[in-house]
Amino acid sequence: KNRIFSGAQPSGSMHLGNYLGAFRNWAKLQDDYECIYCVVDLHAITVWQDPQELIRQTREAAAAYIASGVDPKRSVLFNQSQVAAHGELAWVFNCVARIGWLNRMTQFKDKAGKNREKASAGLFVYPNLMAADILAYKASHVPVGEDQKQHLELTRDIAMKFNNDYGREVFPLVEPVIQKEGARIMSLRDGSKKMSKSDPSDASRLNLTDDADSIARKIRKAKTDPHPLPDSVADLAERPEANNLLGIYAALSDQSLEKTLAEFGGTDFAPFKKALVDLAVAKLSPITQEMSRLMNDPAEIDAILSEGADRAAALALPVMEEVRETVGFLGRRA
Ligand code: TYM
């Protein structure tokens, strides 16, 4: 079986973009792959996180994975900081990746904003840690949303350079696994911005913790344009908000955008939004309910994560031994 690794940052509320772009695909892939799913708390602290909140959000992220269908018995589920291999391999990759490569990362530019001098050094080397996450397990496939593609290309570059520099095929070249519908969910307030945990406007996203009333309100208030919905996908090109809402409907109903347009093309936004509210509530409330049930028993989540961390550490162990030997780190038993 091929091995999968993926993760999400516990840096805010998990939202519909995370669910459609990642979590629900993670759940589906469990049948065909050996899966490792991680709550990446080391990545989260590249920007400031309140310590108590970080703990709560780490548990909530794990609850979101499980509520979306990730089975902690079949898959390895843990939080990153419990497995030392991530930080260790990231350091080696800090010495493999070139500054020029990192300078091209668009996520760093977006997140650091204008004042790059004030960004943490961790934010800059963030993609090296991500490469370490994946390659510490020699995972070959990584299911993500569209926005992570550039980071996965860097992961391939790092693997290639490492193998090349040391003259050994230690690391595989990872393949992104990106589902077409749902790979890029946009903000409900602005169809040109992606839906994101860090958007200051809570109305811009459907959080997986939102109740039915909030979902309904946010969809009703979602930005639109003054025209009825078009009949063809081509006519959506210049209409980012219509494109996004129809795309969400398509992804949530597991049908193509074409089929969704066949249903709603020519109608006004109001009846379509009503149908979208019903669909979103039907699909998301079971997840919200399961998350809140899980969050009532943090001890159980913590136990799942610790058990997962033990399994993850055991999987990373032989890889890290190979890395140390390859790089020339003198070991205790050498
Ligand atoms: P993060 O925490 O931003 O997002 C987690 C996953 O959700 C996807 N996603 C989206 N998909 C569609 N539309 C959106 N608006 C949207 N927003 C987020 C992301 O693509 C991602 O799959 N760097 C990663 C975390 C990470 C990781 C890894 C991922 C760390 N190490 C190793 C894979 C493998 C991140 O910040 O994701």
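Use the structure listed above.
Residues numbered from 1 in each chain as written. Predicted model: local features only at pLDDT ≥ 70, side-chain atom pairs only at ≥ 80, totals over all residues. Heavy atoms only, no water.

Draft legend 1. Fine view of empty space enclosed by the protein. If you walk through the whole model with that rule in mind, you get two cavities of 30 Å³ or more. Lining the largest cavity we find Met105, Gln107, Phe108, Leu123, Tyr126, Pro127 and His151. Of all the elements in the fold, those that place two or more residues in the lining of the largest cavity are helix H6 (106-112) and helix H7 (121-135). Among the elements that line the lining of the largest cavity, the one with the most residues is H7, at three residues. When its residues are assigned to classes, the lining of the largest cavity shows five nonpolar, two polar and no charged. Put simply, the second largest cavity is a space of about 30 Å³. Its residues assigned to classes, the lining of the second largest cavity comprises three nonpolar, three polar and two charged. (1 Å grid on protein atoms, 1.4 Å probe; cavity = no way out; pocket = protein on both sides within 12 Å on 5 of 7 lines; lining within 4 Å. Points joined across faces, edges and corners; volume = space filled by probe spheres on them. Helix = DSSP H or I, 4+ residues; strand = E, 2+ residues; numbered from the N terminus. Nonpolar A, V, L, I, M, F, W, Y, C, P; charged D, E, K, R; others polar.)

Draft legend 2. Main features of the pattern of salt bridges. Within this structure, the stated rule accounts for 23 salt bridges. Among the ionic pairs, aspartate 147 bridges to lysine 194, the shortest N-O distance being 2.7 Å. Highlighted residues: aspartate 147 in the loop between strand E4 (141-143) and helix H8 (149-166) and lysine 194 in the loop between strand E5 (175-177) and helix H9 (212-221), separated in sequence by 47 residues. For lysine 194, a relative accessible area of 32% translates into the label partly exposed. Note that lysine 180 and glutamate 181 form a salt bridge whose closest N and O atoms lie 3.8 Å from each other. Taking relative accessible area as the criterion, glutamate 181 reaches 21% and is therefore assigned partly exposed. Here the residues in one salt-bridge network are Asp202, Arg205, Asp210 and Lys218, joined through shared partners. (Salt bridge = Lys/Arg side-chain N within 4 Å of Asp/Glu carboxyl O. Buried < 20%, exposed > 50% of the residue type's maximum accessible area, 1.4 Å probe, protein only.)

Draft legend 3. Summary view of the packing of helix H10 (residues 240-252) against helix H11 (residues 257-264). Relative to each other, H10 and H11 sit at 105°, their axes nearing to 9 Å. Regarding the angle of H10 to H11, the classification is roughly perpendicular. Between H10 and H11, the contacting residues are Asn243, Leu246, Gly247, Tyr249 and Ala250 on the first element and Leu257, Thr260, Leu261, Glu263 and Phe264 on the second. Across the contact of H10 with H11, the residue classes tally to six nonpolar, three polar and one charged. (Axes fitted to C-alpha atoms, helices over the stretch in contact; angles between N-to-C directions. Parallel < 35°, antiparallel > 145°, perpendicular 65-115°, else oblique. Contact = heavy atoms within 4.5 Å.)

Draft legend 4. Structural view of unusual backbone geometry. Non-glycine residue lysine 138 carries a positive phi angle of around 50°. The topology assignment puts lysine 138 in the loop between H7 and E4. Not every positive phi belongs to a glycine, and aspartate 254 is a case in point at roughly 55°. Inspection of the secondary structure puts aspartate 254 in the loop between H10 and H11.

Draft legend 5. Focus on the side chain of histidine 141. Within the fold, histidine 141 resides in strand E4. Note on histidine 141: relative accessible area 16%, which makes it buried. Every residue in contact with histidine 141, bar those within four places of it in the chain, is listed here: Asn2, Arg3, Ile4, Phe5, Tyr33, Glu175 and Val177.

Draft legend 6. Region of interest: H8. The first and last C-alpha atoms of H8 sit 26 Å apart over 18 residues, in line with the 26 Å expected at 1.5 Å per residue. Turning to H8, its buried residues number three or more, namely His151, Leu152, Leu154, Thr155, Ile158, Ala159, Phe162 and Asn163. Within H8, the buried residues cover an arc of 170° as seen down the axis, which keeps them to one side. Trailing H8 by a residue or two, glycine 167 shows a phi angle of about 65°, which is positive. (Expected span 1.5 Å × (residues − 1). Arc of directions from axis to C-beta.)

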